[in-house]
Structure formats: C-alpha cells, structure tokens
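Report on the structure
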Amino acid sequence: MKDCLFCRIVAGSLPARIVHADDRAVAFHDIEPQAPVHLLIVPRIHLRGLNDVDEAHEGVVGHLFSVAAKVAEAVDIAKSGYRTVFNTGHDAGQTEFHLHLHLLGGRRMGWPPFPR
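These lines cover the structure that appears in this document, whether it is placed above or below. Because the structure is a prediction, the values reported are computed rather than measured.

When its volume is computed, the largest pocket comes out at roughly 850 Å³. Looking at the largest pocket, it is lined by 31 residues, and the ones nearest its centre are Asp-30, Glu-32, Gln-34, His-38 and His-102. Secondary structure elements with two or more residues in the lining of the largest pocket: helix H1 (5-11), strand S2 (25-29), strand S3 (37-43), strand S4 (82-85) and strand S5 (101-105). The element contributing the most residues to the lining of the largest pocket is H1, with 3 residues.

Below you can see the structure in the form of structure tokens.
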C-alpha cells in the first residue's frame, strides 16, 4: 500500500535503520524507542494487524518471532531478556496499521507494562 509507512520502508522508499531483512520480513529501529533496544519487525506483506491474520498467515506470524529471536541475539539482548509485543487497535496503542512486532530490551521490564 503506497500510503503505509511500513510498506514504504519495506520497499526501500523511506529510510530506516534496518538490522535484518529477508524475503518475508524486515526489522528496523523504532524512531520513538521505549527501551535502549526497540526494534520493529514487520512482514513484507501488508496486514493491518492481528485481526487480519488467519490460518493462511500463521507462517508469517511465526517467522516474525523467529526473526525476533535472531535479531535479539545479534543486538546482544538474548541472554539478558527481551519483550515482544503486538499492539492491536487504537486502545492497545497501535498507531501504524501494518502488523508489526515490537522487540524491546536493554533494560529491566516491569509488569504490568504501564502504570494503571
């Protein structure tokens, strides 16, 4: 989709600090990091969010998690720990409507993730 920010990053028409790219996904630094390491892992295909995922996309979603583990190792947060998050919909904080997995690390994470 030409209006989608992440589709434009995937296509190479918008710059990003890319740390991983393969035939199914791209991982890059978030421009508003919430942790010392905050990467976004997006599928090359456009899906608005988890509500658009069906059985045909299970491989895509699984691949995003495989990339997360690989990238966590590459940026040296695999041993200390990291968090992966999908935000789905406005109330959950989704601001870009292209499915993306947040990978956060480099600091101790609290629970619940945000104050009530």
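Now, onward.
Aromatic ring pairs are reported here in terms of the distance separating the ring centres and the angle at which the planes meet. Enumeration over the complete set of coordinates arrives at 2 aromatic pairs. Ring geometry for Phe-6 and Phe-28: centres 5.5 Å apart, planes at 70°, overall edge-to-face. Residue Phe-6 is located in helix H1, and its partner Phe-28 is located in strand S2; the two are separated by 22 residues in the primary sequence. For Phe-6, a relative accessible area of 5% corresponds to the buried category. On the accessibility criterion, Phe-28 (2% relative accessible area) is buried. Measuring from ring centre to ring centre gives 5.7 Å for Phe-65 and Phe-86, while their planes differ by 85°; the resulting arrangement is edge-to-face. Within this pair, whereas Phe-65 is found in helix H2 (residues 58-74), its partner Phe-86 is found in the loop between S4 and S5, the two being separated by 21 residues in sequence. The class of Phe-65 is partly exposed, set by a relative accessible area of 38%.

What follows is about the nonpolar core. Residues Ile-41, Leu-64 and Leu-103 are the most contacted members of the largest nonpolar core, which totals 17 residues. Broken down by secondary-structure element, the contributors of at least two residues to this core are S2, S3, H2 and S5. With 6 residues, the top contributor of residues to this core is H2. In contact with Leu-64, other than residues within four places in its own chain, are Ala-25, Ile-41, Val-42, Pro-43, Phe-86, Leu-99 and Leu-101. Membership of the second largest hydrophobic core comes to 9 residues, among which are Cys-4, Phe-6, Leu-40 and Val-42.

It is worth spelling out the pairing of S5 at this point. Burial analysis of S5 places 5 of its 5 residues in the buried class, which makes it a mostly covered element. Along S5, one buried face is formed by Leu-101, Leu-103 and Gly-105 and the opposite face, lined by His-102 and Leu-104, is buried too. Pairing geometry for S4 and S5, over 4 bridges, is antiparallel. By the bridge assignment for S5, Arg-83 is matched with Leu-104.

Mapping Leu-40 onto the fold places it in strand S3. When its relative accessible area of 5% is taken as the criterion, Leu-40 is described as buried. With 26 residues separating them in the primary sequence, Leu-40 and Leu-14 have C-alpha atoms 15 Å apart.

Reading guide: rules and limits
Residues numbered from 1 in each chain as written. Predicted model: local features only at pLDDT ≥ 70, side-chain atom pairs only at ≥ 80, totals over all residues. Heavy atoms only, no water. 1 Å grid on protein atoms, 1.4 Å probe; cavity = no way out; pocket = protein on both sides within 12 Å on 5 of 7 lines; lining within 4 Å. Points joined across faces, edges and corners; volume = space filled by probe spheres on them. Helix = DSSP H or I, 4+ residues; strand = E, 2+ residues; numbered from the N terminus. Phe/Tyr/Trp six-rings, centres within 6.5 Å; stacked < 30°, edge-to-face > 60°. Buried < 20%, exposed > 50% of the residue type's maximum accessible area, 1.4 Å probe, protein only. Core = buried A, V, L, I, M, F, W, Y, C linked by side-chain atoms within 4.5 Å. Contact = heavy atoms within 4.5 Å. Pairing = 2+ DSSP bridges.

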